[in-house]
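The chain contents come next:
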Number of protein chains: 2
Amino acid sequence: MQATKIQLDEKQMPTQWYNILADLPFQMPPVLHPATGKPVVPDDLAPIFPMELIKQEMSPERWIDIPEEVQDVYRLWRPTPLYRARRWEKALDTPAKIYYKWEGVSPPGSHKPNTAVAQAYFNKQEGVKRITTETGAGQWGSALAFGCDLFGIECKVYMVRVSYEQKPYRRIMMETWGAKCVPSPSPDTKAGQAVLAQDPDTPGSLGIAISEAVEDAATHDDTKYSLGSVLNHVLLHQTVVGLEAKKQLEIAGDYPDILVGCIGGGSNFAGFFLPFVKDKLDGKPLRIICAEPQACPTLTKAPYAYDFGDVAGLTPLLKMYTLGHTFVPPPIHAGGLRYHGMAPIICALYNHKIIEAVALHQMAVFDAAISFARTEGFIVAPETAHAVKVVMDEALKCKESGEAKTIVFNNSGHGHFDLAAYEAYFAGKLKDYTYPEEKIKEALKDLPKV
Amino acid sequence: MQATKIQLDEKQMPTQWYNILADLPFQMPPVLHPATGKPVVPDDLAPIFPMELIKQEMSPERWIDIPEEVQDVYRLWRPTPLYRARRWEKALDTPAKIYYKWEGVSPPGSHKPNTAVAQAYFNKQEGVKRITTETGAGQWGSALAFGCDLFGIECKVYMVRVSYEQKPYRRIMMETWGAKCVPSPSPDTKAGQAVLAQDPDTPGSLGIAISEAVEDAATHDDTKYSLGSVLNHVLLHQTVVGLEAKKQLEIAGDYPDILVGCIGGGSNFAGFFLPFVKDKLDGKPLRIICAEPQACPTLTKAPYAYDFGDVAGLTPLLKMYTLGHTFVPPPIHAGGLRYHGMAPIICALYNHKIIEAVALHQMAVFDAAISFARTEGFIVAPETAHAVKVVMDEALKCKESGEAKTIVFNNSGHGHFDLAAYEAYFAGKLKDYTYPEEKIKEALKDLPKV
């Protein structure tokens, strides 16, 4: 019998998150205050985040304890299995060994609750009664609804109106966990009211939804705001994924030649690869490949510059590869990859050539997802499918070269609420989008001066 | 640290299915040929089932080997975890210990592939190129699509038209695994053509869909038919669930006082409880409670009689509790529980008072599902929610009595494609249905004479 998956015991689950900031061979560019242009200090962030998360955001400590209460919730689905994709390897006729970490077993169906649960817990510890956030496709909103539910915190999600109408199941999921979900723009905030006054029929955007969620938190004493990717503390919480995977690969007696993941804000892949980065810095010949859409080619085509995290320009300035905070994404199905910026940690690693990036078209991405579903069974999210495509390409290169490389990817979530995208694929209605170079150049003009 | 779940290693997965026929303290009533009224022999079934499954259907052997190829596919999601529902226990403030077996981790999202994979394998072994089936809500159709895909068999699913139109995601799932799914009635069969000629706008029914799938199999040499519940061999394949659960409870150092599951055709709960039945026959004080809808009260209100398995009267006659093969179910959301009959093994055990049954209204069932989702995280299928309600009631009785009973249920599948039902619940649009006693009496007139 050949093992299909390596399953850790609950006792083997990580009890600390790994903080890459302790091991980086360079200084991270500081986060800047949008008004003063000076590095932000904890107090600047205190109106919208609890102090413990702000501390984690800036911590130099290599290991940060996972509170027992958070571990206890993690155990509802963690440790997650690491699969050897034997059937897919056979179908691809490759000598490569392919492994994947399967995060789709969590109740919301992705890696997102790894940080949602932690954020809800730390907010609860500081007496926060209510958390606001925005969501596009709904993956993050449902994870935060789940996290808040378990710690008895009210949760309000501003969901981009077009998604709210097109993806009712994600909204119902949030309501099942007791969250309130409203279409954004909403009449509940000044930002929302202003947009509605101008255009009552607007489909909304992630930028507007962020503005509403931040305004709501900033104007209510008992309320904080929560972000599902990009920031250091979010990536930190996701390192449980990579720490488990590393242990599981050890049990399998393997070490990766190539790590692959998809990147939108960067948290799923960073959480997966960061625990391996130190090995690479210490000389391991490890390739780390980020998969992003051609429709949103942040690492592969955008400049490395300071920019806002949101459209309205309310957030601190982050040094990142950015398509410009006024970026309007083409309508690809991988909603979670349609963000103009990228986690600063990922950007710095890319800038220092420690990690690589590839941009992909969605038709080829869905081809790969079908190949995977028909051999491994699991129907992955369109975001995750970007990673699947890169793995398939690397495995086929191994077939050419005859090399038995070990390729490991983060299978970050299922596509149960994205089947309309698969339908479009089968109906031949998918389109590929290349984001125009001119638009990237144009966006440079909108970058804040620092 | 208190364990949340008991996870077996792949090496601990059962290698044999358990056949209850070897241990029953009574003779099962024979299956009768619809034309002759005489017990069927294997050759009668050969046009629509492969011989190995017919053998299993009638086998007196206690243990039947699970082929290595089937075990190999099972390992894509098995062994499944057994959870201790500590958060739910706490919320219910009960001294009871509640465990659940979680079958929602399979790619199609339920227990159904346990038999779909086995059936696809045995068909493949006998050179079958194509399998037909019917599906209502789509849970069974997607499981068979998955099973056929992995063994390279064509799969055609006749999906009740109203479901085909209302639940496009289940259809897309089947297509992702390469199956062909058509709305029934279809122009592809004589049965379908006849119905369409009479009423081109008919919403279809499971009865018509079965007729189409059986006709298709019977009129194509390379094609067999597959059924997802009711029959002995289907229940046999599902015993992997109970065999694993038994081992997991041993590891937890517990033995159940009460087992609970929902019943439609009976396969998920039978697969779960059958491996415990021998203990009960040997004197263990174990209660086994079947949960069914008030809208389809097969065990609790129907007579025990010979009836057809389908509406058109094409199948052999089975001795079962039956609401009459012309039964038209009220529109409750638990589509998988809307069957007029019940697995003959379950019926015989019920008739001999070895197992119990409870009939429930759907509003109370969804109340329980919400209580479960808000503590354990998982959003269960409306069918499974019936089991959740019975567990909740038993746990609350323990609160009253102060007894620390061990209650174990089969959490047979997730509700990701049933969130419209949760929405109806939140919107106050759910209705309760009690199936009228008069209708049951009336249906007695249609029972076949034997």
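(A) The arrangement of the overall build of chain A in detail. In terms of helices and strands, chain A carries 18 helices and 15 strands. Relative to the 2.2 N^0.38 estimate, which gives 22 Å for 450 residues, the radius of gyration of chain A is 21 Å and therefore close to what a compact globule would have. Seen through its principal axes, chain A has C-alpha atoms that stretch 60 × 50 × 45 Å. Counting over 450 residues, chain A shows a buried share of 64%. Long-range pairs, those at least 24 residues apart, make up 76% of the contacts in chain A between residues at least 6 apart in sequence. As displayed, chain A offers around 15,600 Å² of accessible surface, 52% of which is attributable to carbon and sulfur atoms. Looking at chain A, you have 46 positive and 53 negative side-chain charges, and the mean spots of the two groups are 4 Å apart.

(B) The packing of helix α2 (residues 51-58) of chain A against helix α5 (residues 113-125) of chain A, seen in detail. Residue and element names in this part refer to chain A. Where α2 meets α5, the axes come as close as 8 Å, and the angle between the chain directions of the two elements is 130 degrees. Our classification of the angle between α2 and α5 gives oblique. Packed against α2, whose contacting residues are Glu52, Leu53 and Gln56, the element α5 presents Gln119, Phe122 and Asn123 at the interface. Here the contact of α2 with α5 is composed, by residue class, of two nonpolar, three polar and one charged.

(C) Region of the structure containing helix α8 (residues 168-176) of chain A. Residues and elements named next belong to chain A. Along α8, eight of the nine residues are buried, which leaves the element largely enclosed by surrounding structure. Considered for burial, the residues of α8 that qualify are Tyr169, Arg170, Arg171, Ile172, Met173, Met174, Glu175 and Thr176. In the stretch just after α8, Gly178 is the one whose phi turns positive, near 85 degrees.

(D) Spotlight on the sheet that holds strand β14 (residues 356-360) of chain A. Residues and elements named next belong to chain A. Strand order in the open sheet formed by seven strands is β1-β4-β5-β15-β10-β11-β14, with mixed pairing between adjacent strands. Each edge of the open sheet is held by one strand with a lone partner, namely β1 (5-6) and β14. When strand β5 (residues 97-102) meets strand β15 (residues 406-411), the two strands line up parallel, connected through six bridges. Bridging across to β15, Lys101 finds its partner in Asn410.

(E) Examining the sheet that holds strand β5 (residues 97-102) of chain B more closely. Residues and elements named next belong to chain B. The strand order across the open sheet formed by seven strands is β1-β4-β5-β15-β10-β11-β14, and the pairing between neighbours is mixed. One side of each edge strand has no neighbouring strand; the edge strands of this open sheet are β1 (5-6) and β14 (356-360). Taken together, the two bridges between β1 and strand β4 (residues 82-84) define a ladder with antiparallel strand orientation. Note that in β4 the partner of Ile6 across the bridge is Leu82. Sheet contacts for helix α12 (residues 267-281): β5, β10 (258-262), β11 (287-293) and β15 (406-411); angle to β10, the most-contacted strand, approximately 155 degrees.

(F) Structural detail: the interface of chain A and chain B. Contact with chain A, which involves 47 residues of that partner, is made by 47 residues of chain B. Both faces considered, chain A and chain B share a buried interface measuring about 4,300 Å² in area, 56% of it formed by carbon and sulfur atoms. Per-residue buried area on chain A facing chain B is highest for Leu76, Arg87 and Thr176 of chain A; these three make up 15% of the total on that side. For the interface between chain A and chain B, the tally reads six salt bridges. As a salt-bridge pair, Arg171 of chain A and Glu423 of chain B come within 2.6 Å of each other at their nearest N and O atoms. For the side of chain A that touches chain B, the elements supplying multiple residues, two or more each, are α3 (68-74), α6 (139-150), α8, α15 (362-376) and α17 (419-426) of chain A. Of the residues forming the side of chain A that touches chain B, the biggest block, six residues, is contributed by α8 of chain A. Here the residues of the side of chain A that touches chain B sort into 24 nonpolar, nine polar and 14 charged.

(G) Region of the structure containing the nonpolar core. Membership of the largest hydrophobic core comes to 277 residues, with the highest contact counts inside it found for Phe273 of chain A together with Phe273 of chain B. Excluding residues that lie within four positions of it along the chain, Phe273 of chain A makes contacts with Leu259, Ile288, Ile346, Leu349 and Ile355 of chain A.

(H) Structural view of the confidence of the model for chain A. Averaged over every residue, the pLDDT of chain A is 95; the share at 70 or more is 100%. In the model output, the complex is listed with pTM 0.97 alongside ipTM 0.96.

(I) Quick look at the relation of the copies chain A and chain B. Of the transformation placing chain A onto chain B, the axial shift is 0.0 Å and the rotation is 180 degrees, giving an RMSD of 0.0 Å. The relationship between the two copies is best expressed as a two-fold rotation axis. With an isologous cut-off of 70% or more, the 100% of interface residues of chain A that recur at the interface of chain B puts this contact in the isologous class.

(J) Inspection of the packing of helix α2 (residues 51-58) of chain B against helix α11 (residues 232-252) of chain B at higher detail. Residues and elements named next belong to chain B. In contact at an axis separation of 8 Å, α2 and α11 are set at 85 degrees when each is read in the N-to-C sense. Of the possible angle classes, the one that applies to α2 and α11 is roughly perpendicular. Here Leu53, Gln56 and Glu57 of α2 come into contact with α11, specifically with Asn232, His233, Leu236 and His237. Here the contact of α2 with α11 is composed, by residue class, of two nonpolar, four polar and one charged.

(K) Quick peek at the side chain of Thr132 of chain A. Residue and element names in this part refer to chain A. Inspection of the secondary structure puts Thr132 in strand β6 (residues 130-135). Given the relative accessible area of 0%, Thr132 is considered buried. Not counting residues within four places of it along the chain, the set of residues in contact with Thr132 comprises Lys156, Tyr158, Ala213, Asp216, Ala217, Thr223, Lys224, Tyr225 and Ser226.

(L) Just helix α16 (residues 382-401) of chain B, in detail. Residues and elements named next belong to chain B. Over its 20 residues, α16 extends 29 Å from the first C-alpha to the last, a length consistent with the 28 Å expected when each residue adds 1.5 Å. The element α16 is largely enclosed, with a buried count of 14 among its 20 residues. Positive phi appears at Gly402, one or two residues downstream of α16, with a value of about 80 degrees.

(M) Representation of the pairing of β15 of chain A within the structure. Residues and elements named next belong to chain A. Most of β15 sits inside the fold, with six of its six residues counted as buried. Residues Thr406, Val408 and Asn410 point to one face of β15 and Ile407, Phe409 and Asn411 to the other, with burial holding for every one of them. Here three bridges tie strand β10 (residues 258-262) to β15, and the two strands are oriented parallel to one another. Its bridge partner being in β15, Leu259 is matched across the sheet by Val408.

Calculation criteria
Residues numbered from 1 in each chain as written. Chains lettered and ligands numbered in written order. Predicted model: local features only at pLDDT ≥ 70, side-chain atom pairs only at ≥ 80, totals over all residues. Heavy atoms only, no water. Helix = DSSP H or I, 4+ residues; strand = E, 2+ residues; numbered from the N terminus. Rg over C-alpha atoms; globule rule 2.2 N^0.38 Å. Buried < 20%, exposed > 50% of the residue type's maximum accessible area, 1.4 Å probe, protein only. Contact = heavy atoms within 4.5 Å. Areas by Shrake-Rupley, 256 points an atom, 1.4 Å probe, with all protein chains shown as cover. Lys, Arg positive; Asp, Glu negative; His and termini not counted. Charge placed at Lys NZ, Arg CZ, Asp CG, Glu CD. Axes fitted to C-alpha atoms, helices over the stretch in contact; angles between N-to-C directions. Parallel < 35°, antiparallel > 145°, perpendicular 65-115°, else oblique. Nonpolar A, V, L, I, M, F, W, Y, C, P; charged D, E, K, R; others polar. Pairing = 2+ DSSP bridges. Buried area = accessible area lost by both parts, 1.4 Å probe. Salt bridge = Lys/Arg side-chain N within 4 Å of Asp/Glu carboxyl O. Core = buried A, V, L, I, M, F, W, Y, C linked by side-chain atoms within 4.5 Å. pLDDT = per-residue confidence, 0-100. Least-squares fit on C-alpha atoms with pLDDT ≥ 70 in both. Expected span 1.5 Å × (residues − 1).

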